[in-house]
Amino acid sequence: MFPSSPEKKRSSLSTSPARAICLSFLAVIAVGTLLLCLPFSSRDGQFTNVLDALFTATSATCVTGLIVFDTGTKWSVFGQATILALIQVGGLGLVTITTFFNIVIGKRLGFRSMQRAQEAINVDGVMDIDKMIRIVVKASLAVEGIGAAILMLVFVPKYGLYGIFISIFLAISAFCNAGFDILGFEQPFISLSNYNGNFIVIFTITMLIIIGGLGFVVWADLMEYRKTKKLMLHSRVVLLITAILIASGTAMFLICEWNNPATMADMSLREKLFAAYFQSVTTRTAGFNTIDITQMHLITKTLSMILMFIGAAPGSTGGGIKVTTISVVIMTVLSVIKGSEDTVIMKRKVAKNTVYKSLTIIVLAAFLVIIAGGVMYFTIPESTLETGIDAMFEAVSAFATVGLSSGVTAVANIPSKMVLILTMFTGRVGPISFVLSLAVRGGINKNQIMPDGKIMVG
């Protein structure tokens, strides 16, 4: 006899890829929280409040960068190393890392393991998952290693052996789009503001951010380009939109902040160009800063929220709704305006389910951001919260796993910290994956024929 239908559903649910991904992140966060609570994780040798440790562990694992303490002054070397490990595991994904080691030792992947691995790096079943996992891990470590070596040219002469650790920390944090730094001993919460004029630091960090944000599928496609002499539609869209967003973001920061005395007014032309370019790159999902985010004009914060909300590419270390998602939606709108029933991008028809998924992601993400921003706006005392824009900026930053702060996290109370934790987690695993991990499967049969219904819109 075959198992009953309810048993099948329970089995399918308990092992679904979406739920496995969510549980793996929760497990890493739990371990990180425990370690960061311990006295030897802090420089003062005291226990850290569980909520603050949970917030930090979630921010690191979800490669966000929002912090309640300055990483360089609060945490000991052990605590910083713990945060770095959380960033690395969170950036690549625990499922990706464990799958890689299973492949290395020659263990054959089962069907469910392959499904989870595909979900973890966001690729479809057509691709060779073994090959993709190897590319993801090996290329990640190689790029991080090269980035760290270049950064050592700046930090080792300045800080000696500790400069090696600084370089490794920044390289991994940048590649994983985390935005954490340990330069607080120069000045608390300074991030990379002291290095705005340093070409090596600015160029290396931004290249690491961009490479990490392109996504694993694009890496593999670029590696095969010498043989194939062509790129997939996905890769072409990601590369084009990424270039457009970086260029437009740079222009936006230059125009909006050029004469702002609190950010860029006193900089030289070279420093302004560096600062505008750097913020354009990091605002998309990385969270480093070379100007004071809290002092930006409201229009700059508003436009920055758009960049953060869009984010990086699917299957990358970055967050946001993803550049391909916004591309599909925009092209769908244009297709409707032209009277076409199909979404067409670069002379290729996009599948209907991709359009539906893109719309779902945007609606869920917008709903989450509005709820999170509203909770912070109404729970944080008005005397410590300047504008509603700041609350919304923090919510978008958390969801898009960016980590730029308008100052809200520093004054956040317990409800606000809890909603930020949930928002960071949902943003990292993806709103659809998060909802699917909670949902009980069942309901409508895909093969069920249903009558047509008419509804007026517009």
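Parameters and conventions
Residues numbered from 1 in each chain as written. Predicted model: local features only at pLDDT ≥ 70, side-chain atom pairs only at ≥ 80, totals over all residues. Heavy atoms only, no water. Axes fitted to C-alpha atoms, helices over the stretch in contact; angles between N-to-C directions. Helix = DSSP H or I, 4+ residues; strand = E, 2+ residues; numbered from the N terminus. Parallel < 35°, antiparallel > 145°, perpendicular 65-115°, else oblique. Contact = heavy atoms within 4.5 Å. Nonpolar A, V, L, I, M, F, W, Y, C, P; charged D, E, K, R; others polar. Salt bridge = Lys/Arg side-chain N within 4 Å of Asp/Glu carboxyl O. Buried < 20%, exposed > 50% of the residue type's maximum accessible area, 1.4 Å probe, protein only. Expected span 1.5 Å × (residues − 1). Core = buried A, V, L, I, M, F, W, Y, C linked by side-chain atoms within 4.5 Å. Phe/Tyr/Trp six-rings, centres within 6.5 Å; stacked < 30°, edge-to-face > 60°. Lys NZ or Arg CZ within 6 Å of the ring centre and 35° of its normal.

A. Highlighting the packing of helix α17 (residues 388-399) against helix α19 (residues 414-429). Here α17 crosses α19 at 40°, and the two axes come no closer than 7 Å. Judged on the interaxial angle alone, α19 and α17 are oblique. Along its contact with α17, which presents E394, A395, A398 and F399, the element α19 presents L420, T423, M424 and G427. Grouping the constituent residues of the contact of α17 with α19 by class yields five nonpolar, two polar and one charged.

B. Highlighting the pattern of salt bridges. Under the counting rule described, the total for this entry stands at four salt bridges. For K301, the salt bridge is made with D390, and the minimal N-O distance between the two is 2.7 Å. Remark: D390 occurs in helix α17 and K301 occurs in helix α14 (residues 298-310); sequence separation between them is 89 residues. You'll find K301 and D390 in the same group, each marked buried.

C. Quick look at helix α13 (residues 269-283). Compared with an ideal rise of 1.5 Å per residue, which puts 15 residues at 21 Å, α13 spans 21 Å between its outermost C-alpha atoms and is within 8% of the ideal. Among the residues of α13, K272, F274, A275, A276, F278, Q279, S280, V281, T282 and T283 are the ones counted as buried. If you follow the buried residues of α13, they end up packed against α10 (199-214), α12 (233-257) and α14.

D. Structural context of the nonpolar core. Residues I87, F155, L170, I205 and F288 are the most contacted members of the largest nonpolar core, which totals 118 residues. Per-element tally for this core: the top contributor is α12, with nine residues. Once residues lying within four places of it in the same chain are set aside, the contact partners of I87 are A60, V63, F169, I172, S173, C176, A178 and F180.

E. Just the environment of I202, in detail. Looking at where I202 falls in the secondary structure, it is placed in helix α10. With 75 residues separating them along the chain, I202 and Y277 place their C-alpha atoms 9.1 Å apart. Not counting residues up to four positions away in its chain, the partners in contact with I202 are Y195, N196, F274, Y277, F278 and T290.

F. Up close: unusual backbone geometry. Backbone geometry places K322, a non-glycine residue, at a positive phi of 90°. The topology assignment puts K322 in the loop between α14 and α15 (323-337). On the basis of relative accessible area, K322 is assigned to the buried category, the value being 15%. Backbone geometry places T401, a non-glycine residue, at a positive phi of 50°.

G. Broad picture of the packing of aromatic side chains. In the structure shown here, the tally under the stated rule is 13 aromatic pairs. Here F199 and F274 contribute two aromatic rings whose centre-to-centre distance is 6.3 Å and whose plane-to-plane angle is 45°, an arrangement assigned as tilted. Residue F199 is located in helix α10, and its partner F274 is located in helix α13; the two are separated by 75 residues in the primary sequence. Take F199: its relative accessible area is 48%, and that puts it in the partly exposed class. Accessibility expressed as a relative area gives 16% for F274, which makes it buried. Among the aromatic residues, ring-to-ring pairing joins Y159, Y162, F165, F169 and F185 into one connected group. Sitting over the face of the ring of W75, K74 holds its NZ or CZ atom 5.3 Å from the ring centroid. Positioned over the ring face of W258 is K272, at 3.8 Å from the centre of the ring.

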